[in-house]
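One-letter residues, chain by chain:
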Amino acid sequence: MTKAKVLSKMRIEMRKMNYGFQTERAYQKWISGFMSYHECTDPTKITEEQIMSYITYLGEDKQISIHNQRQVLVALLFLADKVLNQSLYRTKRPLKKAL
């Protein structure tokens with residue numbers, strides 16, 4: 001399945017579940033970024049390690065807020081669970097670093 005097909009299927013699932021348009025756009029942005037970051041040739045095979053390395057990259061290198069890191073995690077878990085029928089619930093949420 002190509003990146004475009006995965007994103008299209010995700011949009012359909014989100015609309016079935018009455019997600020808001022802004023949420024849909026945000027999820028697409030994060031998932032597209034994830035696929036580009038990992039150069040996914042087959043976006044149907046994502047792993048917990050890939051998710052955590054992307055979230056770590058966003059937090060440490062891109063200085064993305066903890067709120068947005070959580071949104072990325074939720075978007076990727078939605079993709080895995082609702083679109084790809086994978087179970088990745090063992091992935092832990094990002095935690096704030098102690099200052």
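For the structure, see preceding data.
Remember, predicted model here, so these are calculated numbers, not experimental data.

Attention now goes to the overall build of the chain. When you go through the chain residue by residue, the secondary structure sums to four helices and zero strands. Going from the N terminus to the C terminus, the chain shows its helices and strands as α-α-α-α. Here the contacts in the chain between residues at least 6 apart in sequence split such that 60% fall between residues at least 24 apart. Summed over all atoms, the accessible surface of the chain reaches about 6300 Å², with 51% contributed by carbon and sulfur.

Now for the environment of Ala-75. Among the structural elements, Ala-75 can be located in helix H4 (residues 66–83). In this structure the C-alpha to C-alpha distance between Ala-75 and Gln-28, which are 47 residues apart in sequence, comes to 8.2 Å. Sequence-distant contacts of Ala-75, that is, excluding residues within four places in its chain, are made with Tyr-27 and Ile-31.

Looking now at the packing of aromatic side chains. Evaluated as defined, the whole model comprises seven aromatic pairs. Pairing Tyr-37 with Tyr-57 gives two aromatic rings, centres 4.5 Å apart and planes at 25°, and the pair type is stacked. Residue Tyr-37 is found in helix H2 (residues 21–37), and its partner Tyr-57 is found in helix H3 (residues 48–60); the two are separated by 20 residues along the sequence. Note on Tyr-57: relative accessible area 23%, which makes it partly exposed. Seen from their ring centres, Tyr-54 and Tyr-57 are 6.3 Å apart, and the 25° between their planes marks the pair as stacked. With Tyr-54 and Tyr-57 both in helix H3, this residue pair falls three residues apart, about one helical turn. Owing to a relative accessible area of 4%, Tyr-54 belongs among the buried residues under this scheme. Ring pairing ties together the aromatic residues Phe-34, Tyr-37, Tyr-54 and Tyr-57, which thus form one cluster. Of note, Lys-29 hangs over the ring of Trp-30, and the distance from its end group to the ring centre comes to 4.4 Å.

Rules behind the numbers
- Residues numbered from 1 in each chain as written.
- Predicted model: local features only at pLDDT ≥ 70, side-chain atom pairs only at ≥ 80, totals over all residues.
- Heavy atoms only, no water.
- Helix = DSSP H or I, 4+ residues; strand = E, 2+ residues; numbered from the N terminus.
- Contact = heavy atoms within 4.5 Å.
- Areas by Shrake-Rupley, 256 points an atom, 1.4 Å probe, with all protein chains shown as cover.
- Phe/Tyr/Trp six-rings, centres within 6.5 Å; stacked < 30°, edge-to-face > 60°.
- Buried < 20%, exposed > 50% of the residue type's maximum accessible area, 1.4 Å probe, protein only.
- Lys NZ or Arg CZ within 6 Å of the ring centre and 35° of its normal.

These values are about where atoms sit, not about what they do.
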